[in-house]
Amino acid sequence: MTADETPLEHERRAKVARLRADGREPYPWDFRDRVPSDRVRSASAALAPGTSDAGQTFRVAGRLKAVREHGQTAFADLEDGAGRIQLLLRADELGEGPYRAWLSDLDPGDLVGAEGRASRTRRGEPSLEVRELTLLAKAISPPPEKYHGLQDLEERIRRRYLELLASPESRERLRVRSELVREMRRYLDGAGFWEVETAILVPVASGAAAAPFVTRSNYLDGEVRLRISLELPLKRLLVGGVERVYELAKAFRNEDLDSTHSPEFTELEAYWAYADYHDMRRLVEGLFVRLADRVEELRPDDPAVRQGAALFRPPFPTVDFVEALERASGTSDVLSKSRDELRDLARAVGSTVPENSSTGTFLDKLFEHYVEPTFDRITFVVDHPVATTPLAKRHRSKPGRVERFEIFAPGYELGNAYTELNDPDEQERRFREQLGERGDDTYAYDGDFVRALRFGLPPTAGVGLGVDRIVMALTGAASIKDVILYPLVRAR
RNA sequence: GGGCCCGUAGCUCAGCCCGGUAGAGCAGGCGGCUCUUAACCGCAAGGUCAGGGGUUCGAAUCCCCUCGGGCCCGCCA
């Protein structure tokens, strides 16, 4: 036994050695002409129990899930991407010697190819009556327990492959996410948006107030950061004449992981020239309907999905940030309160944000405390105070406000959109006001972005959506870890 | 950062309160069985009880520390 080998693994390595000694390759190169297992299943369905169809030969390949030996007959479950099919092995069909050899050489977890004919057992189970069996890859380590699977949450995350191979449900979650992301792209592609990729490694992490990951470039002989949002590079593209653009990719924030936050998360940001936030709301609502339709198409019988999809169907309630906050908190004239007054109000409701936080931060804290918990459906919060949103254009008719909407699902934020601020001097002023008010959790000052605005950014609407959270809400996932394949874990 | 909880065989879990030879099922080994499907029956095997320290005649069990994880709260516009 090698140092980290368990007795089980030792046993299975011995089988590999036995196969090789026998001239049979335990890791062959290919297995041609296989069909998905559901083809066998449907061919079997037509048969009478206890019969088989000698007319057609099928070749299937997949993972061996269970072997039920029964003397001169044995049953095995083979699982592939299309599902599960039972293999029927008979000593009189395979020959006593080969039959015995197969049963002693094969273990649950092995990848095998099988050739045979469709049949149905006496009890009616669709099966493949096997004429020939080929080991395609020997599993040295045993799979998780066949009935309970892999339960330990830590193991499920650290060794995602084990969860996936043990649980069709986890593979299904992965498929649904993949299809939903594809649908987002299809929707924006169809609306004439170009998909682009902007830099992940940046000199200044801008576009949001969050702590970046800092790393080092040997080439630059200095620090670089991982982006915390996609916003500013995308808006620069509109200065350059690109009119509709989106990026669907990861952003990184140096923060804790909990049920709704992950230090690396997937964002969808889209920018649309010659449009405002009313246009953007229509675009987003159209996307939500498409996603709701798609997810119900994918999982029509899943009650959590039915509930999730229903959330994403308009009409959505609209809540005015200031009115809602004033009503819920019993405070009047929130917009004319000083930073210190707002700080005291936030303190009074238990917020422990730093003393020197910005006016916008205190307003957000108050909103979070008084209004957010009341959302029981997807809600659009609109027209935030200017101080909360340094990159948004001031409201055309409501003084002290910006043209913005924020989208909330019950329990967490899904996205954020506004008519983009395109006045370079006002942008510079707004950045500096925040910097002046407070130190480290403000938006990083991106001087080059202000310089870009001086060349003219068209009137523009932009949106940022949390892709992981949208998938959560649509599928009824309780934790972001259910929709992110590899959440950040400590090395062990 | 604070509080509570968890870590026992490859996997799923008992045992911990109230200290006294470390258990079961699955998987694996050997034997039996020609229609099972969490197959079944018999036999044998499998352990750094997360790690370290302490209390005790004796610690998986009680105490302390460390590591990893979970949940809640805080922080993260």
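Residues numbered from 1 in each chain as written. Chains lettered and ligands numbered in written order. Predicted model: local features only at pLDDT ≥ 70, side-chain atom pairs only at ≥ 80, totals over all residues. Heavy atoms only, no water.

As far as domains go, chain A holds domain 1 (7-137) and domain 2 (166-317 + 377-482). Of note, the centres of domain 1 and domain 2, computed from C-alpha atoms alone, are 49 Å apart. (Domains from an automatic or database assignment.)

Here we take up the protein's contact with RNA strand B. Lining the immediate surroundings of RNA strand B are 50 residues, of which R123, K146, E154, A209 and E255 lie closest. Taking the atoms of RNA strand B that fall within 4 Å of the protein, sugar and phosphate contribute 60% of them. In the environment of RNA strand B, a phosphate oxygen lies 2.8 Å from a nitrogen or oxygen atom belonging to the side chain of K481. Counting residues per element, the ones that place at least two in the surface near RNA strand B are α1 (7-21), β1 (52-70), β2 (73-80), β3 (83-90), α5 (153-158) and α13 (359-370). With four residues, α1 is the largest single contributor of residues to the surface near RNA strand B. Taken together, the residues of the surface near RNA strand B sort by class into 12 nonpolar, 14 polar and 24 charged. (Near = heavy atom within 4 Å. Polar contact = N/O pair within 3.5 Å; in protein donor to acceptor, adjacent residues only side chain to side chain. Helix = DSSP H or I, 4+ residues; strand = E, 2+ residues; numbered from the N terminus. Nonpolar A, V, L, I, M, F, W, Y, C, P; charged D, E, K, R; others polar.)

Moving on to the pattern of salt bridges. When charged atoms on two side chains of opposite charge get close, those side chains can pair. Counted under the stated rule, the structure contains 63 salt bridges. The partner of K65 in a salt bridge is E79, and the shortest N-O contact between them spans 3.6 Å. Of this pair, K65 sits in strand β1 while E79 is found in strand β2, placing the two residues 14 residues apart along the sequence. Given a relative accessible area of 23%, K65 falls into the partly exposed group. (Salt bridge = Lys/Arg side-chain N within 4 Å of Asp/Glu carboxyl O. Buried < 20%, exposed > 50% of the residue type's maximum accessible area, 1.4 Å probe, protein only.)

For helix α10 (residues 303-311), the set of buried residues is V305, G308 and A309. Down the axis of α10, the sector holding all buried residues measures 100 degrees, keeping them to one side. In α10, the exposed residues that point more than 90 degrees away from the buried face are P303 and Q307. Turning to α10, the residues buried within the fold contact α9 (277-298) and α16 (467-475). Between the side-chain oxygen at the start of α10 and the backbone nitrogen of A304 there is a gap of 2.9 Å, and the oxygen is on D302. (Arc of directions from axis to C-beta. Contact = heavy atoms within 4.5 Å.)

We now examine the sheet that holds β2. Taken in spatial order, the five strands line up as β1-β2-β3-β5-β4 and close into a barrel, and their pairing is mixed. Going across the sheet, the axis of each strand differs from the next one's by a mean of 55 degrees, ignoring polarity. Sheet analysis places strand β4 (residues 111-120) next to strand β5 (residues 126-137), joined by 10 bridges and oriented antiparallel. If you follow L111 over to β5, its bridge partner there is A137. (Pairing = 2+ DSSP bridges. Axes fitted to C-alpha atoms, helices over the stretch in contact; angles between N-to-C directions.)

The next point concerns the pairing of β5. Burial of β5 is extensive: nine of the 12 residues sit out of reach of the surface. By the bridge criterion, three bridges tie β3 to β5 in an arrangement that is parallel. Bridge pairing in β5 links L88 to E129.

With that out of the way, let us pick up the packing of aromatic side chains. Here the structure, examined in full by the defined rule, presents 10 aromatic pairs. With a centroid separation of 4.3 Å and an interplanar angle of 10 degrees, the aromatic rings of F321 and F367 are classed as stacked. Of the two residues, F321 sits in helix α11 (residues 321-329) while F367 sits in helix α13, which places them 46 residues apart along the sequence. Considering the side-chain rings of F367 and F408, the 6.4 Å spacing of their centres and the 35 degrees angle between planes classify their relative orientation as tilted. With a gap of 41 residues between them, F367 in helix α13 and F408 in strand β14 (residues 404-409) connect regions that are remote in the sequence. A residue is classified by how much of its surface remains accessible, and F367, at 1% relative accessible area, is buried. With a relative accessible area of 3%, F408 lands in the buried category. Every member of this aromatic cluster is reached through a ring pair, and the members are F288, F312, F316, F380 and F405. Residue placement shows R24 over the ring face of W102; its charged tip is 4.5 Å from the ring centre. (Phe/Tyr/Trp six-rings, centres within 6.5 Å; stacked < 30°, edge-to-face > 60°. Lys NZ or Arg CZ within 6 Å of the ring centre and 35° of its normal.)

Paired through backbone hydrogen bonds, the strands of a sheet run either parallel or antiparallel to each other. Strand order in the open sheet made by the three strands is β7-β9-β8, with antiparallel pairing throughout. Edge positions in the sheet fall to β7 (201-202) and β8 (214-217), since each has one partner strand and no second. Sheet analysis places β7 next to strand β9 (residues 222-226), joined by two bridges and oriented antiparallel. The partner of L201 across the bridge, within β9, is L226.

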